[in-house]
Each structure stands twice: as structure tokens, then as C-alpha cells.
Amino acid sequence: MLLRRFYDDKLAQASYLVGCQSTGEALVVDANRDVDAYVRVAAAEGLRITHVTETHIHADFVSGSLELAERTGGRLYLSRMGGPDWSYAFAERTGAVLVGDGDAFKVGNVRIEVLHTPGHTPEHLTFLVIDGASANRPMGALTGDFVFVGDVGRPDLLERAAKVAGTMEQSARQLHASLQRFRALPDWLQLWPGHGAGSACGKSLGAVPQTTLGYEKLFNWAFAQSDPDLFAAAVLDGQPDPPKYFAHMKKVNKIGPRVLGGFTRPERLPGSRLGDVLAAGALVIDTRHAADYAERLVPGTINIPVNRSFTGYAGWLLPYDRDFHLIVEDGEAGERALDTAIRDLAMIGMDRLAGYFGAEAVDEWPETGAGRALAAIPQISAPELAERLERGEVRVIDVRGTDEWQRGHIPGVPNIPMGYLTDRIAEIPAHVGGPLVVQCASGSRSAIGASILKSLGVEPVLNLRGGIAAWERAGLPVER
């Protein structure tokens, strides 16, 4: 038996290839949309992908299962659990095999046994992996979003992201029951989870790639709580705000995502067209470094730098029902950023990228943008902000997540998480004759938030340099 783990850092998402080297067959579990990676590795190992499955209907990325099955001819194996509301709409037309609790199938000599482990979602499955060539008991379990290293999958997404009212408490109790059943398996069982640290599918996931059931029973808080009521209260407390795009992902992955056939570049547009694109009401995302954008920005654009956080911020801020364009740096760095952005956007179903501009569009703006000047986002230090707050000269909003704000914030400063700025702009404190200061943890999210507000016509806007971290380093008061 061969096991390979694939990990996408920006999604904090793990997928797996399980192969039988004797027969050359292979299974891929929880594939994301970058299916070339699985095909390449399988070929390098002398394997062919004959089986494709996933633990559940994912909310945080576009599933690659359908695309991978079409690409390789592999048979789809999908959950039949959870009831009609959680069935795969594309199962029948693709000839998928529906599996549920107690079922099993073979990948060459490797036996896969199916457990129904609801809680994170109603249809969630865990796969026990048995190396049939040398054993008759499972070596490990592919746990998806059920059990992580140090944590468990959150049961509140159906209600908070998918807006299925009244499901959080019930899902939490289902998760507790699943854990009690799962703990009866052998302590030696290796656990291969679907996410690592940084994922929004839990609140305190570990960064170690795998663990064992015995270790988790000793040190994972969720296994220590035998009372279902206390467990439900604990697992629901302090969960981070689910990104807005999660609800759309659930729909896409249930219906069946569009098969891409690879990631392709859109048309590069001349810089002179930028004014026309903005005037037509299109979204334009400037992907340059935040410091460069803050000094010279085209009015009406928003800034989402291409870095490790790009996918998450794009999922929070970009709609699925509008075309959008990018601005990238010129030269090789811009080419790399463009390809990275295209892939990252596709991974969460942002497929309406209509074109892109080079950085010359910014340089040419004063001539091509109907004579309008470039703008800027000034920075303010923590000591200066404290002085101006004392004098009542500024307004401040904190654009961190609700759970972060609750752990500590500048006294009297309201919380509007960055992803909800456009929805909750009416909550911005009334104008006091001075600027609006945007603040986050370190200054990066607030820079993006400031660009959103400027694009919506809010002026003047400043960014707190260094965020609340700089505020605390300066010895200024924090309210909890």
C-alpha cells in the first residue's frame, strides 16, 4: 500500500492518494480543483486513479472529485447518508456508487471501510484503510472534517454559513455521538485529517499533519467531554466567523462544479481601458503589495495582495455574480502573481475573471482616467491615534473577526468584520469632522478594509499601522 498526502497551504486543506502497488490501482480522497497534482503523482508512482471519493460536501473549496473522475475515468464513490437535503445532485448522471455506514470497497488489495460520522455535516463519512495484502485490521482513518489534530469539525456551519436555521445544537450532539462511537476503535489507528492549522473548519486545529486515535483520546479536548450538553456548549463557543463564500461552496459542490480542464489566463487589457472598465461598474482588484497600493492607488479599486491570505480574503470580499478584473505587477513577479491568483480564485469557484491589467495601468491613470488623480491611504501610528481619540477628532472601526474583537479591542471601538463592510456600512460611526481609522490585528486586513471603504466613497480613511498589536506594544488600554 502507498499513501501520499497533498496539502494546500492557503486552504489549509489536505487530500490523499491511497494506492495498491501490486495492482496499480489508486483512490483519491477529498480532491481539490487542482487535479493535475494527483494525476502527476499517480503516474510517477506507476498507478492509475480508479476510485475517487470525498468525506462530505465541502464548504471551503470547490471539490475536484467530479473533474478528477472525468479526467481519469475513475469511479466516483459518494455518501448516501444525511437524507435527501444532503445528497449529491450529480450522482446518478455520473454513475457514482453511493456508500454509507458499514459499506466497504476495494482498491486493489486495499480495503476501504465506511463509517458514517455526522456532526460537521449530516452526510459526513470517515474511511478506514486496511492494507489487505498484510493485515485484516485498519492501519488508519481518513477523517475529513470529523477529527483533526487537537480539535474536531465545527457543527455550526449549516446554520451560520448555509443558513439552515436551528441545526447547530442538533449537529453538535450528533458530533458528540460520532466521537463516542469512534473512540471504541483501536488506539493505534492513525488519523489523517482533511485540514490543518489555519482552516476555518475548526477553531484550534493543530499544525501536525497526522496523529493517532490513542493520542487524541488523551489530549484532544473533545474526547474528554462525556456530557453531550457540555460538549455542545464547548464546541459551539468561540467559533470564528465563517467566510461568506462557504454558503456558495456548499451549493456548488452539491450540484456539481463546472469542469475546468485546467487553469487558463484571461485577456490582458491595455492600461488605457481601466477607466472604461471601472466606469462600467466592474470590480477591479489590485493585487500589488499593500504598501505600494497605499501610496498610489486608482480610485474605485480594492486591494487584495497575492499572498498566503489571498484566497480567504477573496472569498470574503468578491461576489460570485459579477465579472471582475485584476491588476498585477509588471515583469516576472507579476506573471507569477497572476497565475497564482487564477489558481487560488478557481479553488473557491471564482471563475468570472474577465481580464487583467499590468501595473502600467496605474502609471497611466492620470492621463487615461479622465484626468483623475491617483489616491492614497495614509497611515497613522498608535500613539497618534490615542491622542486624536482623546480629542474626539477621529472615528475608528475594528475589522477583525468577532471572536478576535471579543478577546481584546480598543475601548469603545465597534466591530465590523472586514467581510461584512459592504453589508454593514450604515453602522460606521457618524462623521465627527475627522477621518475614519480602520484597524485590525497587524495592519494588513485593515489596509484591505480601507481600500473597500474608499471604493465605496467613504473619505477620508486612514489605516492604523501595526494594528492592535502596535496599540498594545505602546502600552495603550485594551477592553475585553
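Predicted model, so just to flag it, every value in this text is computed and none were measured. (Residues numbered from 1 in each chain as written. Predicted model: local features only at pLDDT ≥ 70, side-chain atom pairs only at ≥ 80, totals over all residues. Heavy atoms only, no water.)

Engineer: Explain unusual backbone geometry to me, please; I cannot follow it from the model alone.
Structural biologist: Trans peptide bonds make up the majority, and among non-glycine residues the majority have a negative phi. The linkage connecting E459 with the following residue, P460, adopts the cis geometry, with an omega of -15°. As for its placement among the helices and strands, P460 is situated in the loop between helix 18 (444-455) and strand 20 (461-464). At A12, a residue that is not glycine, the phi angle is positive and equals roughly 50°. Along the chain, A12 falls in the loop between strand 1 (2-8) and strand 2 (13-20). (Helix = DSSP H or I, 4+ residues; strand = E, 2+ residues; numbered from the N terminus.)

Engineer: Help me understand the pattern of salt bridges, please; the structure alone is not making it clear to me.
Structural biologist: Where charged atoms of side chains with opposite charge meet at close range, the side chains can pair. Going through the model one piece at a time under the given rule, you end up with 35 salt bridges. In this structure, the salt-bridge partner of D363 is R296, at a minimum N-O distance of 3.0 Å. Here R296 lies in the loop between helix 11 (290-295) and strand 14 (302-303) and D363 lies in helix 14 (residues 360-363), a separation of 67 residues in the sequence. Owing to a relative accessible area of 45%, D363 belongs among the partly exposed residues under this scheme. When the shortest N-O distance is used, the salt bridge between E393 and R388 registers 3.3 Å. (Salt bridge = Lys/Arg side-chain N within 4 Å of Asp/Glu carboxyl O. Buried < 20%, exposed > 50% of the residue type's maximum accessible area, 1.4 Å probe, protein only.)

Engineer: How should the side chain of T53 be read in this particular structure?
Structural biologist: Counting through the fold element by element, T53 comes out in strand 4 (residues 48-53). At 2.5 Å, the side chain of T53 forms a polar contact with the backbone oxygen of Y77. Apart from the residues within four sequence positions on either side, T53 is in contact with L27, V28, V29, D30, S65, Y77 and F127. (Polar contact = N/O pair within 3.5 Å; in protein donor to acceptor, adjacent residues only side chain to side chain. Contact = heavy atoms within 4.5 Å.)

Engineer: Got a minute to help me understand a nonpolar patch on the surface in this structure?
Structural biologist: A cluster of nonpolar side chains, Y215, L218 and F219, forms an exposed patch at the surface whose accessible area comes to about 380 Å². Take F219: it is sitting in helix 6 (residues 213-219). (Patch = residues over 30% accessible without salt bridge, like charges linked within 9 Å, V, L, I, M, F, W, Y side chains within 5 Å. Areas by Shrake-Rupley, 256 points an atom, 1.4 Å probe, with all protein chains shown as cover.)

Engineer: I tried to follow the sheet that holds strand 10 (residues 140-144) on my own but got confused; where do I start?
Structural biologist: Strand pairing in a sheet is mediated by backbone hydrogen bonds. Such pairs are either parallel or antiparallel. The strand order across the open sheet built from six strands is 7-8-9-10-11-12, with neighbouring strands paired in mixed fashion. Strands with a single pairing partner mark the edges of an open sheet, and in this sheet they are strand 7 (104-107) and strand 12 (211-212). The sheet contact formed by strand 11 (residues 190-193) and strand 12 spans two bridges and is antiparallel. Each bridged residue has a counterpart across the sheet, and for L191 the counterpart in strand 12 is T211. In the packing of helix 5 (residues 168-182) onto the sheet, the strands contacted are strand 8 (110-116), strand 9 (125-131), strand 10 and strand 11, and the crossing angle to strand 8 comes to about 140°. (Pairing = 2+ DSSP bridges. Axes fitted to C-alpha atoms, helices over the stretch in contact; angles between N-to-C directions.)

Engineer: Is there a simple way to explain the side chain of E25 in this structure?
Structural biologist: With respect to the helices and strands, E25 occurs in strand 3 (residues 25-29). Among buried charged residues, E25 stands out as having no salt bridge; its nearest opposite-charge side chain is R48, 4.7 Å away. Side-chain polar atoms of E25 contact the backbone nitrogen of G108, separated by 3.4 Å. Setting aside chain neighbours within four positions, we find E25 in contact with V18, G19, C20, L47, R48, T50, H51, V107 and G108. (Lys, Arg positive; Asp, Glu negative; His and termini not counted.)

Engineer: Mind showing me how you'd approach the pairing of strand 3 here?
Structural biologist: Burial analysis of strand 3 places five of its five residues in the buried class, the great majority of the element. Burial along strand 3 is two-sided: E25, L27 and V29 facing one way and A26 and V28 facing the other are all buried. Here five bridges tie strand 2 to strand 3, and the two strands are oriented antiparallel to one another. The residue of strand 3 that forms the bridge with G19 is A26. What sits between the antiparallel neighbours strand 2 and strand 3 is a turn of four residues, in which G24 has the positive phi angle 80°. Bridge count between strand 3 and strand 4: five bridges; the pairing is parallel. In the sheet register, E25 faces strand 4, and the bridge partner there is R48.

Engineer: Quick question: what am I supposed to make of the nonpolar core here?
Structural biologist: For soluble globular proteins, the rule of thumb is that nonpolar side chains tend to be buried together. Residues L318, L326 and L453 are the most contacted members of the largest nonpolar core, which totals 53 residues. Among the nonpolar cores identified, the runner-up in size contains 26 residues, and L68, L78, W86 and A91 belong to it. (Core = buried A, V, L, I, M, F, W, Y, C linked by side-chain atoms within 4.5 Å.)

Engineer: Can you help me understand helix 9 (residues 245-255) in this one?
Structural biologist: The periodicity of an α-helix, 3.6 residues per turn, causes residues three or four places apart in sequence to face the same way. All buried positions along helix 9 are accounted for by Y245, F246, M249, K250, V252 and N253. Summarising the contacts, the buried residues of helix 9 are in contact with helix 4 (157-160) and helix 12 (310-317). Backbone geometry just after helix 9 places G256 at a positive phi near 115°.

Engineer: I would appreciate a short explanation of the environment of V41 in the present structure.
Structural biologist: The topology assignment puts V41 in helix 1 (residues 36-44). Sequence separation of V41 and R4 is 37 residues, and the distance between their C-alpha atoms is 8.6 Å. The residues touching V41, leaving out its near neighbours within four places in the chain, are R4 and F6.

Engineer: Before we go on, may I ask you to explain the layout of surface pockets in this structure?
Structural biologist: Which parts of space are left empty comes out when a probe the size of a water molecule is rolled across the atoms. Each pocket or cavity is described by its volume, and for the largest pocket that value is around 980 Å³. Looking at the largest pocket, it is lined by 39 residues, and the ones nearest its centre are G198, A200, P243, Y313 and W316. At the level of secondary structure, the elements contributing two or more residues to the lining of the largest pocket comprise helix 9, helix 12, helix 17 (402-407) and helix 18. With four residues, helix 12 is the largest single contributor of residues to the lining of the largest pocket. Of the residues belonging to the lining of the largest pocket, the class tally is 16 nonpolar, twelve polar and eleven charged. The calculated volume of the second largest pocket comes to roughly 460 Å³. Around the second largest pocket, the lining comprises 23 residues; the ones closest to its centre are L283, L317, P319, R322 and T422. Elements that contribute at least two residues to the lining of the second largest pocket include exactly helix 9, strand 13 (283-286), helix 12 and helix 18. Considering every element that reaches the lining of the second largest pocket, the biggest residue donor is helix 12, with three residues. (1 Å grid on protein atoms, 1.4 Å probe; cavity = no way out; pocket = protein on both sides within 12 Å on 5 of 7 lines; lining within 4 Å. Points joined across faces, edges and corners; volume = space filled by probe spheres on them. Nonpolar A, V, L, I, M, F, W, Y, C, P; charged D, E, K, R; others polar.)

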